[in-house]
Amino acid sequence: MRFSLGFLSLIALAVTAQDTNVRRVKQTFDDANIPADLSIKFDPTALLEVTFPEPGASPITIHAGQQLPRDSTAGPPTFSLLGTSRRGPFVVAAVDPDAPTPQAPTSAQIRHFLGGNFTPGRSGLLSNSTPALSEFRQPTPPAGSDAHRYIFLVFEQPAGFNQQTVVTPTTPVQLFNISSFADAVGLGNPIAGTFMLVAPAA
């Protein structure tokens, strides 16, 4: 059963504080049907913060299930990993499973970001030592679509990841499958994640 936009809107309205509890994040993922739709096991052990810069205003750190206006998602975002002693490296991915519309996701998943070799620094801020395989793409849900889920996941990076050729900078971003990719390159299950909702620009 696919997610209910009305129910997700209630989640978005109810989220008023920074994510501090992995169980709550997991429940929000479950309520949005994300593990089933991505064919992943999501049992996070750390918290992922995704922060968007806002020209002339304070940056926005998203909370799991929060809806943002498209204009606030130009990015590129920064990532922080909190609540873990793991030192990396990590792989960060972002996907849209709702393209072109949640009702008919015939182009999904769209890969909105994929990068490896992330390590945590001050306050858990992640930085990568190599270029991303897929640079960040701003959400662009088409006119008339319901809001899309944009899902950010962190994986522990396996040895040999830098030699994988499943995804390269020239691989199409459409019809990506994060679960198949994770299996192919040995990522295992994500250790952290969050997501946002973005509707078409008014």
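Note that the coordinates shown come from a computational prediction; the quantities given were computed from them, not determined experimentally.

What follows deals with the side chain of Asn 117. Its place among the elements puts Asn 117 in strand β6 (residues 110–120). Residues contacting Asn 117, with those up to four places away along its chain left out, are Pro 89, Phe 90, Ser 127, Asn 128, Ser 129, Thr 130, Gln 157 and Asn 162.

Right, let's get into the packing of aromatic side chains. Any two aromatic rings considered together are summarised by their centre-to-centre distance and by the angle between their planes. Under the defined criterion, the tally for this structure stands at 9 aromatic pairs. An aromatic cluster of at least three residues, connected via ring pairs, comprises Phe 79, Phe 113, Phe 118 and Phe 152. One cation-aromatic arrangement involves Arg 111 over Phe 176; the distance from NZ or CZ to the ring centre is 4.9 Å.

Counting 28 residues, the largest nonpolar core has Leu 153, Ile 178 and Phe 181 as its most contacted members. Within the residue set of this core, elements represented by two or more residues are α2 (22–31), α3 (34–38), β5 (90–96), β8 (148–156), α4 (178–185) and β9 (192–198). Per element, the largest residue contribution to this core is 4 residues, and it comes from α4. Counting 23 residues, the second largest nonpolar core, distinct from the first, contains Leu 68, Ala 94, Phe 152 and Val 154.

This part covers the environment of Thr 28. Along the chain, the position of Thr 28 falls in helix α2. Separated by 40 residues in sequence, Thr 28 and Leu 68 have C-alpha atoms that sit 16 Å apart.

Spatially, β2-β1-β4 is the arrangement adopted by the 3 strands of the open sheet, whose pairing is antiparallel. In this open sheet, the two edge strands, each paired with only one partner strand, are β2 (57–61) and β4 (78–82). On average, each strand axis in the sheet is inclined to that of its neighbour by 25 degrees, with strand direction left out of account. Note: strand β1 (residues 47–54) against β4, 5 bridges, orientation antiparallel. When the sheet's bridge partners are listed, Glu 49 is paired in β4 with Ser 80.

Rules used in this analysis
- Residues numbered from 1 in each chain as written.
- Predicted model: local features only at pLDDT ≥ 70, side-chain atom pairs only at ≥ 80, totals over all residues.
- Heavy atoms only, no water.
- Helix = DSSP H or I, 4+ residues; strand = E, 2+ residues; numbered from the N terminus.
- Contact = heavy atoms within 4.5 Å.
- Phe/Tyr/Trp six-rings, centres within 6.5 Å; stacked < 30°, edge-to-face > 60°.
- Lys NZ or Arg CZ within 6 Å of the ring centre and 35° of its normal.
- Core = buried A, V, L, I, M, F, W, Y, C linked by side-chain atoms within 4.5 Å.
- Buried < 20%, exposed > 50% of the residue type's maximum accessible area, 1.4 Å probe, protein only.
- Pairing = 2+ DSSP bridges.
- Axes fitted to C-alpha atoms, helices over the stretch in contact; angles between N-to-C directions.

What is shown is where atoms sit, not what they do.
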